[in-house]
Amino acid sequence: MTLTYHPILHALKHPFRLATGVRTHTNAVFTEISWDGLVGYGEAAMPPYYGENHDTATRFLALAADALNQFRPPFVMDEIMAVIDALAPGNHAAKAAVDIAVHDLMGKMNQTPLWKTFGAVPAQMPATTFTLGIDTPEVLREKMEDATDFQIIKVKLGTDHDRDIICALREITDKPIFADANQGWQDRDAALDLIFWLQDHGVQLIEQPTPKDDLDAAEWLTARSPLPVIADESFQRLADLDRVANCFHGVNLKLMKCTGLHEGRQIVESVRRRGLQLMIGCMTESPCGIMAAAQLAPLCDFADLDGCWLIKESPFETPLLENGRICLKNEPGLGLKSIL
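Presented here is a report on the structure given in the accompanying data block. Worth saying up front: this structure is predicted, and the values here are computed from it rather than measured. (Residues numbered from 1 in each chain as written. Predicted model: local features only at pLDDT ≥ 70, side-chain atom pairs only at ≥ 80, totals over all residues. Heavy atoms only, no water.)

**Quick word on the overall build of the chain**
Put simply, the rule is: A run of H or I in DSSP becomes a helix once it reaches four residues, and a run of E becomes a strand once it reaches two; helices and strands are each numbered from the N terminus. The cut-offs for exposure are 20% and 50% of the maximum accessible area for each residue type, with area from a 1.4 Å probe on protein chains only; residues under the lower value are buried, those over the upper are exposed, and the others partly exposed. The contact rule is simple, with two residues in contact once any of their heavy atoms fall within 4.5 Å. What sets the accessible areas is the Shrake-Rupley method with a 1.4 Å probe; for residues, cover comes only from the shown protein chains. Residues scored as positive are Lys and Arg, those scored as negative are Asp and Glu, and His as well as the terminal groups of each chain are ignored. Where a charge lies is defined by one atom per residue type, namely NZ (Lys), CZ (Arg), CG (Asp) and CD (Glu).
Secondary structure summary: the chain contains 12 helices and 13 strands in total. When the backbone C-alpha atoms are referred to their principal axes, the chain occupies close to 60 × 40 × 40 Å. Taking all 340 residues of the chain together, 57% fall into the buried category. Here the analysis covers contacts within the chain between residues at least 6 apart in sequence; of these, 68% occur between residues at least 24 apart. In the structure as shown, the chain presents an accessible area of about 13700 Å², 48% of it carried by carbon and sulfur atoms. Looking at the chain, you have 30 positive and 46 negative side-chain charges, and the mean spots of the two groups are 2 Å apart.

The following block contains the structure:
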């Protein structure tokens, strides 16, 4: 297999503000893995708070390019990703860029959509959210114009004026809301009081309310919350599941955190065995990363796969939405279409 890659910047349509900071771009790297005239596409999307960037990704992908030269058909994902994962610690998004491209390539070689390989049923696709960063009521109203085709709104909280944000949003829309505090709630008693208030205002789910390493606070809050509490920053890879399983109602699976579809599928199976709830999420990614995650989305309870609608441009066609749900194509691999 031959791996090529090129770094890009995903420019965002609006500045994206969380409880932990604001950004206008996301570092990303596109990968292509070719074999016998076929090409698989992958992507690493790297927000700064996970420690990856263009330099770390390109250094890792240079190692991966050498490692992939040893493989010949039939390709076995267990073997390939064991080698890729062992090249260096961390580098989760860069590893995902390899994983996604290999999966896309193998789907094309087998002439099979990846969702079919994973046993997913497109009709079971959950509605995906549309995410609003922390902003003024005026900007929230402007952003909501982009959310027309979405059924669920996800809003970033974790400020000292969270109630004002929800009230402003409720003046604009009556759509269901998922709330993501991004570790921003430090006082668990105040957080619980706020969750009950949020429930009264049509919020249906709470994501990562407390600091990622304060699992005692998460477990306390989860035991008392009337709404599902989902781990995001507290949960990265499959090995974290034992540590967080009793502290949350569910976890947020992101390919950029867990090294891609191979481990992502293992997470789906492990989470289901434990009876936990499962969200599949994303970074600010192009349709490449989004359509990769969408292959597993019908196996999940909740979907937060709006990243490609938050960036200004991409070399791939934007996925189709039907009733707020991403449409999976009956095409080999990821079903991506280049528009370059």
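**Here's the deal with the packing of aromatic side chains**
To be explicit about the condition: Under the pairing criterion, centres of Phe, Tyr and Trp rings, with the six-membered ring standing for Trp, must be within 6.5 Å; the plane angle then separates stacked pairs below 30 degrees from edge-to-face pairs above 60, leaving the rest tilted.
With the rule as written, the count across this model stands at 7 aromatic pairs. Consider the rings of Tyr41 and Phe316, whose centres lie 5.4 Å apart with planes at 70°: the pair is edge-to-face. Residue Tyr41 is found in strand β3 (residues 38–46), and its partner Phe316 is found in the loop between β11 (302–303) and β12 (321–322); the two are separated by 275 residues along the sequence. Since its relative accessible area comes to 23%, Tyr41 is described here as partly exposed. Accessibility expressed as a relative area gives 6% for Phe316, which makes it buried. Between Phe178 and Phe302, the aromatic rings sit 5.7 Å apart at their centres with planes inclined by 85°, giving edge-to-face as the arrangement. Of this pair, Phe178 sits in strand β6 (residues 177–180) while Phe302 sits in strand β11, placing them 124 residues apart in sequence. According to the relative accessible area criterion, Phe178 is buried, its value standing at 5%.

**Structural notes on unusual backbone geometry**
Cis geometry is adopted by the peptide bond preceding Pro74, which originates at Pro73 and carries an omega value of 0°. Note on placement: Pro74 falls in the loop between α1 (54–68) and α2 (77–86).

**As for the sheet that holds strand β2 (residues 21–35)**
Stated formally: In this description, strands pair whenever DSSP reports at least two bridges between them. Every angle, taken between N-to-C directions, lies between 0 and 180 degrees, and every axis is a line fitted to C-alpha atoms, over only the stretch in contact when it is a helix.
One open sheet holds the 3 strands; their spatial order is β1-β2-β3, and the pairing between them is antiparallel. The open sheet is flanked by β1 (2–18) and β3, the only strands paired with a single partner. Across this sheet, the average inter-strand angle for adjacent strands is 20°, counted without regard to direction. As defined by bridge partners, β2 adjoins β3 across 9 bridges and the pair is classed as antiparallel. Within β3, the residue paired with Val29 across the bridge is Ala44. Here helix α3 (residues 92–110) sits on the sheet and contacts β1, β2 and β3; the angle it forms with β3, its principal contact strand, is near 155°.

**Describing the environment of Trp309**
Tracing the sequence through the fold places Trp309 in the loop between β11 and β12. For Trp309, a relative accessible area of 14% corresponds to the buried category. Between the C-alpha atoms of Trp309 and Pro287, which are 22 residues apart in sequence, the distance is 8.7 Å. With near-sequence residues (within four places) excluded, Trp309 lies in contact with Lys13, Phe130, Phe150, Thr318, Pro319, Leu321 and Ile326.

**Quick notes on the sheet that holds β11**
One open sheet holds the 8 strands; their spatial order is β4-β5-β6-β7-β8-β9-β10-β11, and the pairing between them is parallel. Every other strand in the sheet has two partners, leaving β4 (129–132) and β11 as the edge strands with one partner each. By the bridge criterion, 2 bridges tie strand β10 (residues 277–281) to β11 in an arrangement that is parallel. Bridging from a neighbouring strand, Ile280 pairs with Ala303 of β11.

**A look at the environment of Val251**
As for its position among the elements, Val251 is in strand β9 (residues 250–254). A relative accessible area of 1% means that Val251 is categorised as buried. Residues Val251 and Ile267, 16 residues apart in the sequence, show an inter-C-alpha distance of 9.6 Å. With residues near it in sequence (within four places) discarded, Val251 still touches Ile230, Ala231, Phe235, Leu241, Val244, Val271, Gln277, Leu278 and Met279.

**What to know about the pattern of salt bridges**
Convention followed: Take a side-chain nitrogen of Lys or Arg and a carboxyl oxygen of Asp or Glu: if they are within 4 Å of each other, that pair is a salt bridge.
Tallying each qualifying case throughout the model produces 16 salt bridges. A salt bridge links Glu317 to Lys329; the nearest nitrogen and oxygen atoms lie 3.5 Å apart. Remark: Lys329 occurs in the segment after β13 (325–326) and Glu317 occurs in the loop between β11 and β12; sequence separation between them is 12 residues. Judged by relative accessible area, which is 32%, Glu317 ranks as partly exposed. Through salt bridges with shared partners, a single ionic network connects Lys154, Lys156, Asp180, Glu207 and Asp304.

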